[in-house]
Each structure stands twice: as structure tokens, then as C-alpha cells.
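Fold and geometry: a report
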Amino acid sequence: MGRAYQNKKESMAKTAGQKTRIYSRYGKEIYICAKGGVDPDGNLALRSMIARAKKDQVPAHVIERAIEKARGGGGEDYDTARYEGFGPGGCMVIVDCLTDNGNRTFTQVRQAFVKNDAKLGSPGTVGHMFEHQAVFVFEGEDDEAILELLMMADVDVADVELEDGIISVFAPVSEFNNARTVLTEAFPEIDFKVENLAFVPQTMTELTGEDIESFEKFLAALDDCDDVQNVYHNAEISDEE
């Protein structure tokens, strides 16, 4: 339960440094998306990324600069890099990066693992235990009605969960735009807390005691890496003290 929240990238920046990193990450992702076409109306990936950036309060000038950079054909060339391994308490972790210097990125990510009771593995170490899915999270009370709505619209749905007034919809990546269109047309005022493509864990690992503090330090270390775009994990924090 609550898998989407376990994997959601923190969007509330508490310091100027955190804001700068968030802006930088969105700038890179918007730039990459815009390389496939700078018109959001004809580039669904770009349109979705801009919407996410605005929701996370990324300034318009950051978005416009990234698009202009892509329009001009200049700027940096970024490569994707993915790292997998085990975090504190044996939880599974996937780290997605965009980088213009692979050696630098590997060194930074490796240090985050080594210094925080985590173990960096080889490609595929834990990836098979996650599913790449479209994820939508929003307030609601009737998960069965949402499932019926999507199925009646011929949207292939993997799962719909309800927990504490929050509905999470999981669908194949290819159904992202279809699912979003159906939900927004049925509920024009819908406010997605999460709307993205994510690696969703098949099972959860509960963390307790000292592992919780170690895990939080581990995530903070990864967050300090400018090249890290997203971190996915299957850690579930115990509410018990």
C-alpha cells in the first residue's frame, strides 16, 4: 500500500540549495524532452514535464531557458545512467541520472552508497523486482469507480489502490496519456499529487530502528548529487518508534 508515496521525489524545497538542485534537474529533463520537439502541443513528453515542473514551482524562466537551449541545438549533451543496489536494512534501490560526465556521476553515487551502509550492485541487480509503470495519485474515496471508469475507456490498468483518502492508479507506461486524458476529462478539477513514469516495487521492505535514520541519510546523500534525477526504492518506514 502507498507505493507511489514511497517513490515520490520530494518536491518541497526547504533551502535555496535544494531549490537550485530541483530547478537544475527539471532544466535537464525539459531540455532532453524538448530535443524531440520544442512545441508542447506536439510533444506530449515535453508537455507533461512542463506541467510537473510548474506544479513543483519551477520558475518560468528556468523552463523557457531549457526549451530555448534545445531550440538552438547547442548546450550540453546528457547521457542517462542507472545504478541499482541495496540500501540500509536490505531495501532495494534504483537511481536514475542524467549526466555530462559519467565518471563524476558514478563516483558521487558510489560514495553515497559506501558512506551510508548501502551496497551498489551491477545492472539488473534489483531492477527485475520493479515494474516500470505510469503512476497517478490523487484524492478520492471510490477506487472501484475509478477502475470502472478506466476500464470502460479501454485503458489497460495494472492496479488501483485506496489508502487514507488517496487513490493510486498504476498502468503500463504506454497507457500514460490515455489514463491521464480519461481522468482529467471525467474530473476537470483533479489535482494529481503524482503523475509520472516510475519504477514501482513488487514487494516492500519495512525499515525500523537505526535503519530508518541510515536510510534518510542515504537519500539525502543521493539528493546532494546534482546528476541524480530520481530515486526509486521499496523501503517502507515503520510508524512504530
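An account of the accompanying structure is given in this report.

Quick notes on the rules
Residues numbered from 1 in each chain as written. Predicted model: local features only at pLDDT ≥ 70, side-chain atom pairs only at ≥ 80, totals over all residues. Heavy atoms only, no water. Salt bridge = Lys/Arg side-chain N within 4 Å of Asp/Glu carboxyl O. Helix = DSSP H or I, 4+ residues; strand = E, 2+ residues; numbered from the N terminus. Polar contact = N/O pair within 3.5 Å; in protein donor to acceptor, adjacent residues only side chain to side chain. 1 Å grid on protein atoms, 1.4 Å probe; cavity = no way out; pocket = protein on both sides within 12 Å on 5 of 7 lines; lining within 4 Å. Points joined across faces, edges and corners; volume = space filled by probe spheres on them. Nonpolar A, V, L, I, M, F, W, Y, C, P; charged D, E, K, R; others polar. Pairing = 2+ DSSP bridges. Contact = heavy atoms within 4.5 Å. Axes fitted to C-alpha atoms, helices over the stretch in contact; angles between N-to-C directions. Buried < 20%, exposed > 50% of the residue type's maximum accessible area, 1.4 Å probe, protein only. Core = buried A, V, L, I, M, F, W, Y, C linked by side-chain atoms within 4.5 Å.

Our next topic: the pattern of salt bridges. Scanning the entire structure with this criterion turns up 13 salt bridges. Note that Asp 223 and Arg 21 form a salt bridge whose closest N and O atoms lie 3.8 Å from each other. Of this pair, Asp 223 sits in helix 8 (residues 210-223) while Arg 21 sits in helix 2 (residues 16-34), and the two are 202 residues apart along the sequence. A salt bridge links Asp 191 to Lys 55, with the nearest nitrogen and oxygen atoms 3.6 Å apart. Residue Asp 191 is located in the loop between helix 7 (176-186) and strand 7 (194-201), and its partner Lys 55 is located in helix 3 (residues 44-55); the two are separated by 136 residues in the primary sequence.

This next bit is on helix 6 (residues 143-152). Residues spaced three or four apart along an α-helix face the same direction, because each turn holds 3.6 residues. Sitting at the amino-terminal end of helix 6 is Asp 142, which places a side-chain oxygen 3.3 Å from the backbone nitrogen of Glu 144. Downstream of helix 6 by a residue or two, Asp 154 has a phi angle that is positive, lying close to 60°.

It is worth spelling out the layout of surface pockets at this point. Any space left empty among the atoms is revealed by the rolling of a water-sized probe across them. By volume, the second largest pocket is sized at about 630 Å³. As for the second largest pocket, its lining consists of 23 residues, and the residues nearest its centre are Glu 29, Met 49, Arg 52, Leu 197 and Asn 230. If you tally residues by element for the lining of the second largest pocket, the top one is helix 3, at five residues. The residue makeup of the lining of the second largest pocket, split by class, is 12 nonpolar, seven polar and four charged.

Backbone hydrogen bonds are what pair the strands of a sheet, in a parallel or an antiparallel way. Taken in spatial order, the four strands make up an open sheet running 3-1-2-9, and their pairing is antiparallel. Of all strands in the sheet, those with a lone pairing partner are strand 3 (119-120) and strand 9 (228-233), marking the two edges. With five bridges connecting them, strand 2 (residues 92-99) and strand 9 associate as antiparallel partners. Opposite Val 95, over in strand 9, you have Val 231 as the bridge partner. With respect to the sheet, helix 8 is in contact with strand 2 and strand 9, its orientation differing from that of strand 9 by roughly 155°.

This part covers the environment of Asp 100. Tracing the backbone shows Asp 100 in the loop between strand 2 and helix 5 (102-114). Since its relative accessible area comes to 45%, Asp 100 is described here as partly exposed. Taking the C-alpha atoms as reference, Asp 100 lies 9.0 Å from Thr 80; in sequence the two are 20 residues apart. Looking at Asp 100, its side chain comes within polar contact range of the side chain of Arg 104, at 2.8 Å.

Okay, the nonpolar core next. Among the nonpolar cores identified, the biggest contains 19 residues, and Val 95, Cys 97, Val 109, Phe 218, Leu 222 and Val 228 are the most heavily contacted of them. When sequence neighbours within four positions are dropped, the list of residues in contact with Cys 97 reads Asp 79, Thr 80, Ala 81, Tyr 83, Thr 105, Val 109, Asp 227, Val 228 and Gln 229. Listed in part, the 18 residues of the second largest apolar core include Ile 30, Tyr 31, Cys 33 and Leu 98.

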